[in-house]
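A look at the structure
The chain contents come next:
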Amino acid sequence: MTKYRNFPMVPRVVFGQGCFKQLGEILLPKRKSSEAPFIFLVDDVFEGHELINNIPLLFNDQIIFISANEEPKTDQVDSLVSQLIHSYTELPSGIIGIGGGTLLDLAKATALMLTNPGSASEYQGWDLIKKPAVYHVGIPTISGTGAEVSRTTVLLGPDKKLGINSDFTPFDQVILDPDLTQGVSTEQWFYTGMDCFIHCVESLNGTFLNAFSQSYGEKALELCKEVYLDSLSDEDSRDKLMMASWHGGMSIAYSQVGVAHAMSYGLSYLLGVKHGIGNCLVFQYLEEFYPEGVALFDQMREKHQIELPKGICANLSDAEFDTMIQVAMSLEPLWENAVGKEWRKTITPKKLKSIYKKI
């Protein structure tokens, strides 16, 4: 008999304009004691912002501002965990991530590593975490990554970029407030939204596709088309993109992503290229794998007048190309989803290098 994965899902979610203001009443029953703080990891773009005044601090709760200019790293997680363990007499009551994918992944990873020994780098992979995380809450302030709903927290480690994929990774609570995504720049809105769009294309065209993944992927794709190709009001656009992100994240629970994600991990590991823009840089050259998706992507890019950076890989040495190729090809489940079990027959270092050279 086939044994199917028993995946966890986010058990509680609240959606609606202004629902961020309910955070205090949501957290109150989860507080373990006055000595066990809630730790808020917040994108430093919100320093001095009105949002900070609505964070419900009590007792020795703490806000830690973190820059999202770089991808989250395993040593950054280790440092945060060490800081929290040495600063308080009790483990935190919970970790709350407020920001985009970087902050959400940091919150998930920190919550996991507070209860599991060793370095975060030791848990990069699938199902290596053995103990439940501390209570953790995700509050996205930009839509597209799917980090709010996924069972992974993607980190740059000493020798790879790879998620901590586990049943203990998903948030215990997510707050989806479309109002929090106001003020995002057009470029950032596009790159992060395309992360969702590319999730859907890769999931829907993958060999792992099934009715579960397809139902979420098709809905997310439909919402992405509305947001990026139709003429919606700003309010509708925020609502729909937030739900596209949710459905896009769910679409890979029983599936996987594919070529763009695998290759963007290489760009990120070597050059520090952020995930959303990395996906776009690769995806524009993937007509061979996703012809309809790339055609739609080009339409969306032209409509919103997005100019992708050029020459990112222009001056790389052969050794640097080899590093990116090694990182990309190590993500075997992604390639198997994209091309099938025999993927190594067609996906060669030479082929990947030819694509990287176009970027």
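Structure: above.
Residues numbered from 1 in each chain as written. Predicted model: local features only at pLDDT ≥ 70, side-chain atom pairs only at ≥ 80, totals over all residues. Heavy atoms only, no water.

Quick word on the sheet that holds strand S8 (residues 161-165)
The strands making up a sheet are joined through hydrogen bonds of the backbone, oriented either antiparallel or parallel. With respect to topology, three strands assemble into an open sheet ordered S5-S8-S7, the strand pairing being mixed. What marks the edges here is a single partner per strand, and that holds for strand S5 (125-126) and strand S7 (154-156). Relative to S8, S7 is paired through three bridges, and the arrangement is antiparallel. Counted as the bridge partner of Val154 is Gly163 from S8. (Pairing = 2+ DSSP bridges. Helix = DSSP H or I, 4+ residues; strand = E, 2+ residues; numbered from the N terminus.)

Remarks on the environment of Asp239
As for its position among the elements, Asp239 is in helix H7 (residues 234-251). Separated by 224 residues in the primary sequence, Asp239 and Phe15 place their C-alpha atoms 9.3 Å from one another. Setting aside anything within four residues of it in sequence, one finds Asp239 in contact with Phe15, Gln17 and Pro178. (Contact = heavy atoms within 4.5 Å.)

Re unusual backbone geometry
In this structure, Asp127 is a non-glycine residue whose phi angle is positive, near 60°. Mapped onto the secondary structure, Asp127 falls in the loop between S5 and strand S6 (136-140). In this structure Asp127 comes out as partly exposed when scored by relative accessible area, which is 31%. For Gln305, which is not a glycine, the phi torsion comes out positive at approximately 55°. Note that Gln305 resides in the loop between helix H10 (291-303) and helix H11 (318-329). Here Gln305 falls in the exposed class, since its relative accessible area comes to 69%. (Buried < 20%, exposed > 50% of the residue type's maximum accessible area, 1.4 Å probe, protein only.)

Comments concerning the environment of Gly163
As for its position among the elements, Gly163 is in strand S8. Assessed through its relative accessible area of 4%, Gly163 is described here as buried. In sequence terms Gly163 and Trp126 are 37 residues apart; their C-alpha atoms lie 7.9 Å from each other. Excluding anything up to four places from it in sequence, Gly163 contacts Tyr123, Gln124, Gly125, Thr152, Thr153, Val154 and Leu155.

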